[in-house]
Amino acid sequence: MDWEKYLKEEALLDYEKYVSPGKLKAYRLLGFDFVPARREGVWIYDQNGRKYLNCRSSGGVFNFGHRPAELIAELEQALRLFDIGDHLLASGARAALAKKLAELTPGDIQYTVFGVSGGEAVDLAIKLARAHTQRPKIISAIGGYHGHTGFALATGDEEFKKYFGPLAPGFVQVPFGDLKALEKELDQTAAAVIFETIPATFGIKIPPLDFFPGVRKLCDRAGAVMIIDEVQAGLGRTGKLWAIEEYNVVPDIMVMGKGLSGAIYPMSATCLRPFLNRFLEEHPFIHISTMGGSEAGCLVTLKVLEMTGKPEFLSEVRRKGGAFEKGLSGIQKRHPRLVKEIRCQGLMIGIGMPEPKYGMLLTMALSKNGVIALFAHNDPSAMIIMPPLIISDSEIAFVLEALEKSFMELEKF
Ligand SMILES: Cc1ncc(COP(=O)(O)O)c(C=O)c1O
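Residues numbered from 1 in each chain as written. Predicted model: local features only at pLDDT ≥ 70, side-chain atom pairs only at ≥ 80, totals over all residues. Heavy atoms only, no water.

We now examine helix 15 (residues 393-412). Taking 1.5 Å per residue as the helical rise, helix 15 with its 20 residues ought to reach 28 Å, and the 29 Å between its terminal C-alpha atoms agrees with that figure. Buried within helix 15 we find E395, I396, V399, L400, A402, L403, E404, S406, F407 and L410. (Helix = DSSP H or I, 4+ residues; strand = E, 2+ residues; numbered from the N terminus. Expected span 1.5 Å × (residues − 1). Buried < 20%, exposed > 50% of the residue type's maximum accessible area, 1.4 Å probe, protein only.)

Set out below in C-alpha cells:
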C-alpha cells in the first residue's frame with residue numbers, strides 16, 4: 001500500500017463512506033476535516049503537509065507526544081521476548097508492572113487488574129465496589145465522564161445514555177464539589193462514590209483542597225468505596241504523578257488509562273487496596289479481559305512510569321503550566337468579555353467563557369490558527385487545553401499566539 005498516496009487522495013472519502021459520515025460532517029464544521037498523516041512530538045501533519053499542534057493529546061494519551069522514540073524502542077525490544085500473553089496464565093510482565101504501580105500509587109493501594117480501555121477499568125471498579133459492599137447505589141458527578149461501557153456509561157450524563165435504556169439501576173449524580181449533596185446520597189445503600197480528580201470533559205473544574213478529604217470522610221462514615229478516576233488527570237498531567245496527591249487522601253480504588261499506553265499500546269488499570277481484593281481472591285476468574293495487560297504493552301507502560309515519575313520531569317510540567325497560566329492571564333486582560341476564568345493545574349488547562357457557543361467558535365478559530373483543541377463536551381462554554389507534557393517553550397508560545405489571534409477573531413464575531 002502506498003500510504004502517502006492513499007492518505008492524500010482517498011482516505012478521507014473512504015472514512016466518510018466506510019467509517020462515519022456523521023463524524024466527517026462535524027469535522028468539516030470544526031475545521032478538523034483532514035487525515036492526520038506524519039506525526040512527531042506535539043505536531044500532527046495533514047495529508048497536504050500542513051501542521052497542527054495537538055493541544056488535545058486525546059485526554060492524555062499523547063503525554064509524550066506522537067510516536068515517542070524511547071517508547072517505540074521499548075516496544076520493539078519487548079516484542080523480541082513477549083507477545084500479548086495468555087490472560088489465563090501467570091505473567092512476569094504484568095507482575096512487574098503491578099509491583100511498580102503499587103510502589104507509585106498512594107497509601108496501601110497494592111493490587112492491579114489490567115484492562116484495555118478506561119471504561120473497562122471503571123466498570124471493574126464499580127463491580128468490585130458492589131461485590132464488596134453488597135449495596136447497589138453508585139454516586140457520580142453531574143458533568144463527569146468515565147467512559148461509554150456498561151457501568152461507566154450509567155455514571156454519566158443523560159445525554160449519552162438516554163437512547164440505550166434500560167441501563168443498570170442504582171446510579172445517581174450529584175453536583176461536583178457539593179459535599180452536602182453527596183452526604184445526602186451516602187445512605188446505607190451506597191456502594192461507591194466515583195469522581196474524576198479534576199473533571200476534564202466538564203471543562204477542567206479544579207476542586208478546592210478540602211474537597212477530597214471531605215469525600216474520604218463521608219465515604220468512611222457511610223462504608224462506601226471511594227473510586228478516583230485518574231484516566232485524564234493522572235500520569236504527570238497536573239505536575240504530580242497523580243492529581244489526587246495534591247489532596248493528601250488515599251482512595252480505595254484508582255482507575256487509570258490513556259497515557260499508560262505511551263500512545264502506542266492500549267493499557268488501562270484498576271488499582272485497589274487489599275481489603276477490596278478479598279472478593280477477587282475468592283473469585284479469581286470472575287473478571288476477564290483477554291487483551292487487558294498485554295505483556296508487550298506492560299513493558300511500554302513500565303517505561304512510561306519511569307519517564308513520568310522523574311522529579312525533574314514533573315517540575316518541568318509545573319513550570320510549563322505556570323508559563324501557560326501567565327500567558328493566559330495576559331489574554332484574559334486583553335479579552336475580558338470573552339475570557340471569564342482560567343483554570344490551570346500543571347498542563348491541565350480550562351478556559352471558562354461566558355456562553356456555550358464560544359467553545360465551538362474558539363475550537364474552529366484555533367484549528368484555523370494551527371492548534372487542535374476542543375471545547376468541553378459537558379460544558380461547551382469551556383475550552384480544554386491539554387498539550388503533550390513534552391511541549392517546549394517555543395511551542396507554548398505558538399499556542400498562546402494562536403489563542404490570542406483566535407480571541408481577536410472572536411471579538412470581531
Ligand atoms: C476521565 C475519563 N475516564 C474514563 C474514560 C474512558 O476511557 P476509554 O475511552 O479508554 O474507555 C475517559 C475517556 O475519555 C475519561 O476521560
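Picking up after the structure, the text goes on.
Turning our attention to the site of the ligand. Near the ligand you find S117, G118, G119, Y145, H146, G147, E196, D229, V231, Q232 and K258, and these make up its full shell. At 2.7 Å from a nitrogen atom of the ligand is found a side-chain nitrogen or oxygen belonging to D229. Coverage of the ligand by the protein amounts to 81% of the 390 Å² it exposes when considered alone. In terms of residue class, the shell around the ligand is made up of two nonpolar, six polar and three charged. (Near = heavy atom within 4 Å. Polar contact = N/O pair within 3.5 Å; in protein donor to acceptor, adjacent residues only side chain to side chain. Areas by Shrake-Rupley, 256 points an atom, 1.4 Å probe, with all protein chains shown as cover. Nonpolar A, V, L, I, M, F, W, Y, C, P; charged D, E, K, R; others polar.)

Our next topic: the side chain of N63. Relative to the assigned elements, N63 resides in the loop between strand 3 (51-54) and helix 4 (69-81). Owing to a relative accessible area of 4%, N63 belongs among the buried residues under this scheme. Within polar-contact distance, the side chain of N63 engages the backbone oxygen of L235 at 3.4 Å. Filtering out sequence-adjacent residues up to four positions away, N63 remains in contact with G234, L235, R237, G259, P388, L389 and I390. (Contact = heavy atoms within 4.5 Å.)

The next subject is the pairing of strand 5 (residues 137-141). Buried residues dominate strand 5, accounting for five of its five residues. In strand 5, alternate side chains face the same way, and those of K137, I139 and A141 on one face and I138 and S140 on the other are all buried. With three bridges connecting them, strand 5 and strand 7 (residues 190-196) associate as parallel partners. Bridge pairing links I138 to A192 in strand 7. (Pairing = 2+ DSSP bridges.)

This next bit is on the pattern of salt bridges. Any two side chains of opposite charge can pair, given that their charged atoms come close. Scanning the model with the defined rule gives 21 salt bridges in all. The salt bridge partner of E246 is K240, with a shortest N-O separation of 3.8 Å. The shortest N-O distance in the salt bridge between R319 and D393 comes to 3.1 Å. Placement of R319 in helix 13 (residues 311-334) and of D393 in helix 15 is noted, with a sequence separation of 74 residues between them. (Salt bridge = Lys/Arg side-chain N within 4 Å of Asp/Glu carboxyl O.)

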